[in-house]
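Chain residues, written in single-letter form:
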Amino acid sequence: QQLQPSQQYQQYDQDPPPPPPPSTRLARPLAYPSARTRPSDPTRAPSARPSFPSEKYGVVMKALWSALDNQASNWRKVFKGLSLLEHIIKNGNERSVEDARDHMHKIRSLTDFNFYEGTIDRGNGVREKSQNIIELLQDNERIREERNKSQKLREKFTGFSGAQQGGAYGGYSGS
């Protein structure tokens, strides 16, 4: 038997979760820290894309920096924030690199991140990811290489070349 949406939550005596506000929908991978899945590149791609227009850049980066300010018990949200930051550095707006360098103290503090669930060290991923981002930010040549590699990969999978930028998908060129 199919339940109506209002009946589903009455059955469990809880209110339905409110939808995220429109301003934070851009940073949706950060909005759901309890998800046990690792955000994939297709999930992060929409978050990197809005970092190009200036009016949405602030919203994305504000959500990202607030995710990194979470307590250790929210280690998933911190890890997802770092993953998104790494993705935006490699794929997003050029100024995201400078913004990340301005917040280097916040990233550096995460290299000492600790959180244990029983005997399992959940902070290890956060420590490694923050260390990788710090190393990336300190090497301009590596940033340039990573951004070029990401651009080539995007072009390969979408079928666009830098000159085309049309609305059609590429494919067989006939040559």
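What you see is a predicted model, and the numbers here were worked out from it, not measured in a lab.

### With respect to the environment of Lys106
Part 1 of the reasoning: Here Lys106 is to be found in helix H7 (residues 104-109).
Part 2 of the reasoning: Looking at Lys106, the relative accessible area reads 15%, which means it is buried.
Part 3 of the reasoning: C-alpha separation for the pair Lys106 and Trp65, spaced 41 residues apart in sequence, amounts to 8.5 Å.

### With respect to the pattern of salt bridges
Part 1 of the reasoning: One pass over the full model with this rule turns up 10 salt bridges.
Part 2 of the reasoning: Note that Glu98 and Arg101 form a salt bridge whose closest N and O atoms lie 3.1 Å from each other. Of the two residues, Glu98 and Arg101 are both situated in helix H6 (residues 95-102); the distance of 3 residues between them amounts to about one turn of the helix.
Part 3 of the reasoning: Overall, Glu98 belongs to the partly exposed group, its relative accessible area being 43%.

### Some words on the nonpolar core
Part 1 of the reasoning: Membership of the largest hydrophobic core comes to 26 residues, with the highest contact counts inside it found for Trp65, Leu85, Ile89 and Leu137.
Part 2 of the reasoning: Those elements giving two or more residues to this core turn out to be helix H4 (54-68), helix H5 (75-91), H6, H7 and helix H8 (124-137).
Part 3 of the reasoning: In terms of residue count, the dominant contributor to this core is H5 (7 residues).
Part 4 of the reasoning: If we skip the residues at most four places from it in the chain, Ile89 touches Ser96, Val97, Ala100, Ile133, Leu136, Leu137 and Arg147.

### Quick look at the packing of aromatic side chains
Part 1 of the reasoning: Counting across every chain of the model gives 0 aromatic pairs.
Part 2 of the reasoning: The positively charged end of Arg95 is found above the aromatic ring belonging to Tyr57, 3.8 Å away from the centroid.

### Let's talk about helix H9 (residues 140-158)
Part 1 of the reasoning: Spanning 19 residues, H9 covers 27 Å between terminal C-alpha atoms, matching the ideal 27 Å at 1.5 Å per step.
Part 2 of the reasoning: For H9, every residue scored as buried is listed here: Ile143, Glu146, Arg147 and Ser150. Across the axial projection of H9, the buried residues extend over an arc of 100°, all falling on one side. In H9, the exposed positions angled more than 90 degrees off the buried face are occupied by Lys149, Lys152 and Lys156.
Part 3 of the reasoning: On its buried face, H9 is in contact with H5, H6 and H8.
Part 4 of the reasoning: Capping the start of H9 is the job of one residue whose side-chain oxygen sits 3.3 Å from the backbone nitrogen of Glu141: Asp139.

The rules behind the values
Residues numbered from 1 in each chain as written. Predicted model: local features only at pLDDT ≥ 70, side-chain atom pairs only at ≥ 80, totals over all residues. Heavy atoms only, no water. Helix = DSSP H or I, 4+ residues; strand = E, 2+ residues; numbered from the N terminus. Buried < 20%, exposed > 50% of the residue type's maximum accessible area, 1.4 Å probe, protein only. Salt bridge = Lys/Arg side-chain N within 4 Å of Asp/Glu carboxyl O. Core = buried A, V, L, I, M, F, W, Y, C linked by side-chain atoms within 4.5 Å. Contact = heavy atoms within 4.5 Å. Phe/Tyr/Trp six-rings, centres within 6.5 Å; stacked < 30°, edge-to-face > 60°. Lys NZ or Arg CZ within 6 Å of the ring centre and 35° of its normal. Expected span 1.5 Å × (residues − 1). Arc of directions from axis to C-beta. Polar contact = N/O pair within 3.5 Å; in protein donor to acceptor, adjacent residues only side chain to side chain.

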